[in-house]
Amino acid sequence: DGGITQSPKYLFRKEGQNVTLSCEQNLNHDAMYWYRQDPGQGLRLIYYSQIVNDFQKGDIAEGYSVSREKKESFPLTVTSAQKNPTAFYLCASSRVGFRETQYFGPGTRLLVL
Amino acid sequence: AQKVTQAQTEISVVEKEDVTLDCVYETRDTTYYLFWYKQPPSGELVFLIRRNSFDEQNEISGRYSWNFQKSTSSFNFTITASQVVDSAVYFCALSEAGDSGYSTLTFGKGTMLLVSP
């Protein structure tokens, strides 16, 4: 079955630590996205990529980094520079183009110890 | 200014009631797409519908229906005979072509629907 997987489901970060969230898709989509969701808020775009080895900052990229070495994978690193990382992180993928539907993974909940 | 406004933060209904979730959007583009997603308690966003700006026909899918009115920039979602399983957060989203050639989705803040037995 095609889909998007995210791991881990829960992640705990200590102060000053970098952590990496995994996102993999087997939908053969070129575009991938990372969103952050805070309680009572909509989704805010962190980074997106429309092709391997290329990505763009979204609305709230500070304190985050990404890589896109493979079409299927788009890992997100939450760096120590992100002072308020506690949130629900959602990964999505789609075909390229503004008319295309984005499909979402199950999400990773990041908590700070 | 918000591009997508979902003014209803939370709605509570009793099972079998009909409920309408409002979505108002703002764009200067003539071609754009509108989406609705459902987020159940598990957290994953589930795609419900996509409409383009040139198709103003209402759409019905089972108990779900959507009313798109360009004149009022609204894309409202109605659930008929609500069920407990409809309890979730519902998001409306707008996709525009964008100036840079890249397109992204702008989400509203969501409406939490609670359906009680």
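We now turn to the structure provided with this report. (Residues numbered from 1 in each chain as written. Chains lettered and ligands numbered in written order. Predicted model: local features only at pLDDT ≥ 70, side-chain atom pairs only at ≥ 80, totals over all residues. Heavy atoms only, no water.)

Section: the overall build of chain A
Next, step 1: When you go through chain A residue by residue, the secondary structure sums to zero helices and eleven strands.
Next, step 2: Put simply, chain A runs from its N terminus to its C terminus through helices and strands in the order β-β-β-β-β-β-β-β-β-β-β.
Next, step 3: Its C-alpha atoms give chain A principal-axis dimensions of about 35 × 25 × 25 Å.
Next, step 4: Within the structure as shown, chain A displays about 5500 Å² of accessible surface, and the carbon and sulfur contribution to it stands at 47%. (Helix = DSSP H or I, 4+ residues; strand = E, 2+ residues; numbered from the N terminus. Areas by Shrake-Rupley, 256 points an atom, 1.4 Å probe, with all protein chains shown as cover.)

Let's talk about the packing of aromatic side chains
Geometry of an aromatic ring pair is reported as the spacing of the ring centres plus the angle between the planes.
Next, step 1: Counted according to the given criterion, the structure contains 22 aromatic pairs over all chains.
Next, step 2: A ring pair is formed by Y33 of chain A and Y48 of chain A, whose centres lie 6.4 Å apart and whose planes are at 20°; its orientation type is stacked. Here Y33 of chain A is found in strand β4 (residues 31-37), whereas its partner Y48 of chain A is found in strand β5 (residues 43-51), with 15 residues between them in sequence.
Next, step 3: The exposure class of Y33 of chain A is buried, given its relative accessible area of 2%.
Next, step 4: Judged by relative accessible area, which is 8%, Y48 of chain A ranks as buried.
Next, step 5: Seen in terms of ring centroids, Y103 of chain A and F47 of chain B are 5.9 Å apart; in terms of plane orientation they differ by 70°. Their pairing is edge-to-face. (Phe/Tyr/Trp six-rings, centres within 6.5 Å; stacked < 30°, edge-to-face > 60°. Buried < 20%, exposed > 50% of the residue type's maximum accessible area, 1.4 Å probe, protein only.)

Observations regarding the interface of chain B and chain A
When the parts of a complex come together, some accessible area is lost, and that lost area is often taken as the interface size.
Next, step 1: Listed by partner, the interface residues are 23 residues for chain B and 24 residues for chain A.
Next, step 2: Across the chain B/chain A interface, buried area totals approximately 1900 Å², and carbon plus sulfur atoms make up 56% of it.
Next, step 3: At the junction of chain B and chain A, the tally comes to zero salt bridges.
Next, step 4: Inspection of the region where chain B meets chain A yields three residue pairs in polar contact (both at pLDDT 80 or more).
Next, step 5: Every element with two or more residues in the side of chain B that touches chain A is listed here: β5 (32-39), β6 (46-52), β10 (88-96) and β11 (105-107) of chain B.
Next, step 6: Per-element accounting of the side of chain B that touches chain A gives the leading share, five residues, to β5 of chain B. (Contact = heavy atoms within 4.5 Å. Buried area = accessible area lost by both parts, 1.4 Å probe. Salt bridge = Lys/Arg side-chain N within 4 Å of Asp/Glu carboxyl O. Polar contact = N/O pair within 3.5 Å; in protein donor to acceptor, adjacent residues only side chain to side chain.)

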